[in-house]
Amino acid sequence: MVGEDLIVVGAGPAGMTAGMYGVRSGLKTLVLEKGISGGLSNEAPEIENYPGFDRVGGMELASKIKEHVSRYVEIRELEKVEAIEESSNELVVTTDKGSYRTRAVIMSTGTRHRRLGVKGESEFAGKGVSYCATCDGFFFKNKPVAVVGGGDSAVREALYLQKLGCRVTLIHRRDELRAERYLQRKLEDAGVTIRWNSVVKEIKGDKVVKSVILDSNGVESELSIAGLFVSIGEEPNSELAAKMGVALDANGYIITDKSQRTNLKRVYAAGDVTGGVRQVVVACAEGAIAALSAYNDLL
Ligand code: NAP
């Protein structure tokens, strides 16, 4: 079994940064990623608040981070971690490709898209229901689409789709948006239609999505659309951590201290899976702190 000092689980911005800091501290470090590097930041149409970049696509930023950190650390993509167990003062990380012994682990497993949980959502997933405008928006050029949600992600997706030439309706369950003011102003300027106080009750269609049934303060209506982009927040990928005995908060996010230590010795967490302010700049910072904490504890 291969021996490492530090294994980082998940190669989003947090995990990639942790890997680089691990190696630069002198730790034998490996990053394991079940899919491709970048995590959900790959899906961000535009990032305008990562210092040093006026405006950069999420995928472009993630690929720049990957290119940079790969000078230091190996990222093994398409290798899924299935279990992490303690064994005589070490941790054994089992993946779908093999096993590793390691002295410390950083969990940077990120989040996944929250589902609406309404009739038609699973049936039409990939047939008009999407969770990523940058991935699928192109197929809906010049067509009517709706975005559900009132946060930064929903507004960004609505703006991206409008720019592509889609006719966009934003559906939000309240009468004010959660998104930052700057984005709200952009949305107003772009002339996106907003359906306030409205929830999606059902997604209808035949082979593909044709419409949604909305409930607006008890009044039902049908909105014809070709695509529905669900952007109602995220849920943490913390099941693996929970199985190990890592403490989670009431919403399932991993609890850490300021040094990114969890309740388990030599197990750290960084990035979106720890909740709080979910921004790429924060994820990178937490990844760096987690790796430096591991280094200090392993001295
Ligand atoms: P979010 O901030 O949690 O917003 C989720 C939105 O979906 C809220 O408006 C919420 O409504 C709505 N919602 C939740 N559950 C719903 C349901 N079952 N049905 C209908 N609507 C529902 O999530 P996010 O927009 O994905 O952002 C996540 C994090 O990433 C945030 O910290 C955000 O700041 C950050 N982010 C930042 C940027 C940026 O450009 N700075 C871009 C993307 C994401 P209520 O408002 O009524 O709760």
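Residues numbered from 1 in each chain as written. Predicted model: local features only at pLDDT ≥ 70, side-chain atom pairs only at ≥ 80, totals over all residues. Heavy atoms only, no water.

A.B. asks: Help me understand the packing of aromatic side chains, please; the structure alone is not making it clear to me.
C.D. replies: Each aromatic ring pair is specified by the distance between its two centres and by the angle formed by the two planes. Using the criterion set out here, one finds three aromatic pairs in the structure. Taking the centre distance of 6.4 Å and the plane angle of 75 degrees together, the rings of Phe138 and Phe139 count as edge-to-face. Look at Phe139 and you get exposed, because its relative accessible area is 58%. Lying across the ring of Tyr131, Arg115 places its NZ or CZ 4.2 Å from the centre. (Phe/Tyr/Trp six-rings, centres within 6.5 Å; stacked < 30°, edge-to-face > 60°. Buried < 20%, exposed > 50% of the residue type's maximum accessible area, 1.4 Å probe, protein only. Lys NZ or Arg CZ within 6 Å of the ring centre and 35° of its normal.)

A.B. asks: What is the right way to look at the domain arrangement of the chain in this model?
C.D. replies: Interface size, as often reported, equals the accessible area lost upon joining of the parts. Domain boundaries assigned for the chain yield domain 1 (2-112 + 234-298) and domain 2 (115-230). A separation of 31 Å is found between the C-alpha centroids of domain 1 and domain 2. Here domain 1 and domain 2 share an interface that buries about 710 Å² over both sides, 37% of which is from carbon and sulfur atoms. Three residues stand out in domain 1 for area buried against domain 2, namely Glu43, Pro45 and Glu48, and they jointly supply 65% of the buried area on that side. Our count for the domain 1 to domain 2 interface comes out at two salt bridges. Note that Lys186 is salt-bridged to Glu48, the shortest N-O span being 3.2 Å. Inspection of the region where domain 1 meets domain 2 yields five residue pairs in polar contact (both at pLDDT 80 or more). Among the residues making up the side of domain 1 that touches domain 2, the classes are represented as two nonpolar, two polar and four charged. (Domains from an automatic or database assignment. Buried area = accessible area lost by both parts, 1.4 Å probe. Salt bridge = Lys/Arg side-chain N within 4 Å of Asp/Glu carboxyl O. Polar contact = N/O pair within 3.5 Å; in protein donor to acceptor, adjacent residues only side chain to side chain. Nonpolar A, V, L, I, M, F, W, Y, C, P; charged D, E, K, R; others polar.)

A.B. asks: Would you mind going over helix H5 (residues 181-190) with me for this structure?
C.D. replies: The α-helix advances 3.6 residues per turn, and as a result positions three or four apart in sequence lie on the same side. Inspection of H5 places Leu183, Gln184 and Leu187 among the buried residues, and these make up the whole buried set. What you see down the axis of H5 is that its buried residues fit within an arc of 105 degrees, all on one side. Residues Arg181, Arg185, Glu188 and Asp189 are exposed on H5 and point more than 90 degrees away from its buried face. In this structure, the buried residues of H5 make contact with helix H4 (152-164), strand S10 (167-171) and strand S11 (193-195). (Helix = DSSP H or I, 4+ residues; strand = E, 2+ residues; numbered from the N terminus. Arc of directions from axis to C-beta. Contact = heavy atoms within 4.5 Å.)

A.B. asks: How should the state of the cysteines be read in this particular structure?
C.D. replies: As used here, a disulfide is simply a covalent bond connecting the sulfur atoms of two cysteines. Enumeration over the complete set of coordinates arrives at one disulfide. Linked covalently through their sulfurs, Cys132 and Cys135 form a disulfide whose S-S length is 2.0 Å. Across the S-S bond of Cys132 and Cys135 the torsion is about 75 degrees, and the bridge reads as right-handed. On the accessibility criterion, Cys132 (4% relative accessible area) is buried. Free of any disulfide, Cys284 has its nearest neighbouring cysteine sulfur in Cys132, separated by 19 Å. (Disulfide = S-S within 2.5 Å.)

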